[in-house]
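So the chains spell out like this:
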Amino acid sequence: MTATVRVPAAVRRRAAVFAGLAPRPRVLAATAAGLLIVAAVHAFAGVPSLTGSGLVGAALRLAVPVGLAALGALWSERAGVTNLGLEGMMILGTWSAAWVGASHGVWPAVLAGAAGGAIGGLVHAVATVTFGVDQVISGVAINLLTPGLVRYLSTINWEGLPEAGATQSPPVRGAIGTFTVPVLAGGHVGGRRSPDLLGAVERRDWFAVSDAAGLLRGLVAEISWFTLFAVVLFALSWLILWRTPFGLRLRFIGENPGAADSLGVAVYRTKYIAVVVSGALAGLGGAFLVTVASGLYREGQTAGRGYIGLAAMIFGNWRPGGTAAGALLFGYSDALQLRQSGAVRGLILAAGLAFLAIGVLLLRRRRRASAVSLAAGAAAIAWFGLLHQVPTQLVYATPYAVTLIVLVASARRLRMPAADGIPYRRGVIDL
């Protein structure tokens, strides 16, 4: 006779949470395959390493503002409100962070950046949720008006100051520190320098092993506390949106607000919360640019990262894990163009090999997709062979080109919330 063991409900809930956070086997397999491809490119094609710890660390830093903007887009669009104003909200975050940080330090600057973005989100919510303004028009209007607004505020506050003016703020006081995991990547233990095991393996230049060591070291060496804060925000967003009653109601509104309203869900209030949180997260992305990336505000500092964040969210299929992966991809491509043209050339070859591998895997099940993938891989490899020096213009355009290619390649598998972008009026049925 077999005894039945009853697991308490609390234990089951905790297990479900950790199961959701664990990486899936397909993700692990894809990561291993990608590592082998970039290792082969570095070893046999004579291009710089694509997994060096310096490159990976730079990619992580560049991914944070894009990822925070993408996370903001996720909150808003899961509630059914399209937020094209992320760029403008990031600009408000950069200026607010610099305005406060110049006098009160970096952590008040972070809070001010979130508040500035939240104000932009509130304006978008009032326009779209309360007054029913077209969501695209409202977002574009915020993006167009915000640069002029912050130029005016900069002129009032900083014109004539030393090291500042209408297009630049005074330096932010203080700096957000970094941490390094001891033993793995160096760091200090008890005031003494600890070993750097991953760095030692990376310098050996062993096939695949050194590439894996460089990749891991880039994730644990000289990491900003703001970056860790952003990772926590992604985890909290997943927990709130997918593991709480509030998150269920919010996602329900994004699918069918009329049905949610008929069940007593506060549709308008929830939309307001989602859009304001969206703006605050975009503002935090702007605050990162001021407090970590540069130490001050400069006009044009966001450089389209709000739009790239929206693309990262779409690539992630409106889910936190995929959104984080999209932000890392765009941060990585941005880091490549900051390094050298040889790294971009290596990326072209790695992309070609990846397309060939995908085409072979799809050969039996989806012949048309397999043929397209094989053709794209062959074209990329041929381009690599003909391209001995990547033009400077193409190097600088790498992150934007990757954005377009990834969106086109992933368009068929995407499923947006059913009511995303559709204005809702209680008692009004749209035919």
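These lines cover the structure that appears in this document, whether it is placed above or below. As the structure is a computational prediction, the values presented were derived from the model and not from experiment. (Residues numbered from 1 in each chain as written. Predicted model: local features only at pLDDT ≥ 70, side-chain atom pairs only at ≥ 80, totals over all residues. Heavy atoms only, no water.)

A tally of regular secondary structure across the protein chain gives 18 helices and 4 strands. The C-alpha radius of gyration computed for the protein chain amounts to 23 Å, which stays within 12% of the reference 22 Å derived for 431 residues, consistent with globular compactness. The dimensions of the protein chain, computed from C-alpha atoms along their principal axes, are 75 × 60 × 50 Å. Taking all 431 residues of the protein chain together, 47% fall into the buried category. Restricting to contacts in the protein chain with at least 6 residues of sequence separation, those with at least 24 account for 74%. (Helix = DSSP H or I, 4+ residues; strand = E, 2+ residues; numbered from the N terminus. Rg over C-alpha atoms; globule rule 2.2 N^0.38 Å. Buried < 20%, exposed > 50% of the residue type's maximum accessible area, 1.4 Å probe, protein only. Contact = heavy atoms within 4.5 Å.)

Tallied over the entire structure, the rule returns 7 aromatic pairs. With a centroid separation of 5.2 Å and 85 degrees between ring planes, the pair formed by F226 and F288 is classed as edge-to-face. You can see F226 sitting in helix 9 (residues 225–243) and its partner F288 sitting in helix 12 (residues 267–294), a full 62 residues away along the chain. Given a relative accessible area of 2%, F288 falls into the buried group. Taken together through their ring pairs, the aromatic side chains of W95, W99, W158 and Y297 make up a single cluster. Of note, R345 hangs over the ring of F384, and the distance from its end group to the ring centre comes to 4.1 Å. (Phe/Tyr/Trp six-rings, centres within 6.5 Å; stacked < 30°, edge-to-face > 60°. Lys NZ or Arg CZ within 6 Å of the ring centre and 35° of its normal.)

Before going further, it helps to examine a nonpolar patch on the surface. Judged by side-chain polarity, W107, W225, L228, V231, V232, L236 and I240 come together as a nonpolar surface patch covering roughly 610 Å² of accessible area. Here the nonpolar patch takes 6 residues from helix 9, the largest share from any one element. Note that L236 resides in helix 9. (Patch = residues over 30% accessible without salt bridge, like charges linked within 9 Å, V, L, I, M, F, W, Y side chains within 5 Å. Areas by Shrake-Rupley, 256 points an atom, 1.4 Å probe, with all protein chains shown as cover. Salt bridge = Lys/Arg side-chain N within 4 Å of Asp/Glu carboxyl O.)

Topologically, D261 is positioned in helix 11 (residues 257–262). The class for D261 is buried, based on a relative accessible area of 16%.

Here the focus is the pattern of salt bridges. Going through the model one piece at a time under the given rule, you end up with 3 salt bridges. A salt bridge links R151 to E299; its shortest N-O distance comes to 2.7 Å. Note that R151 is positioned in helix 6 (residues 135–158) and E299 in the loop between helix 12 and helix 13 (305–315), a separation of 148 residues in sequence. The shortest N-O distance in the salt bridge between R415 and E255 comes to 3.0 Å. With R415 in the segment after helix 18 (398–410) and E255 in helix 10 (residues 245–255), this pair connects stretches of sequence that are 160 residues apart.

A word on the environment of A380. Relative to the elements of secondary structure, A380 occurs in helix 16 (residues 367–386). With relative accessibility at 12%, the residue A380 sits in the buried group. For A380, the residues in contact, after removing those within four places along its chain, are I348 and G352.

Time to look at the environment of G254. In this structure, G254 sits in helix 10. In this structure, the C-alpha to C-alpha distance between G254 and F179, residues 75 residues apart in sequence, is 39 Å. When near neighbours in sequence (up to four residues on either side) are disregarded, G254 contacts R78, A79, G80, P417, A418, A419 and D420.

Further remarks concern a positive patch on the surface. Judged by side-chain charge, R26, R365, R366, R368 and R412 come together as a positively charged surface patch. For R26, the position within the fold is in helix 2 (residues 25–44). (Lys, Arg positive; Asp, Glu negative; His and termini not counted. Charge placed at Lys NZ, Arg CZ, Asp CG, Glu CD.)

Moving on, we get to the packing of helix 3 (residues 53–78) against helix 8 (residues 209–220). The geometry of helix 3 relative to helix 8 is characterised by a closest axis approach of 7 Å and an angle of 45 degrees between their N-to-C directions. Here helix 3 lies oblique to helix 8, going by the angle between them. Crossing angle aside, the handedness with which helix 3 passes helix 8 is right-handed. In this structure, helix 3 contributes S53, V56, G57 and L60 to the contact, and helix 8 contributes G214, L215, R217, G218 and L219. When grouped by side-chain class, the residues that make up the contact of helix 3 with helix 8 number 4 nonpolar, 4 polar and 1 charged. (Axes fitted to C-alpha atoms, helices over the stretch in contact; angles between N-to-C directions. Parallel < 35°, antiparallel > 145°, perpendicular 65-115°, else oblique. Left-handed = near helix turned anticlockwise from the far one by under 90°. Nonpolar A, V, L, I, M, F, W, Y, C, P; charged D, E, K, R; others polar.)

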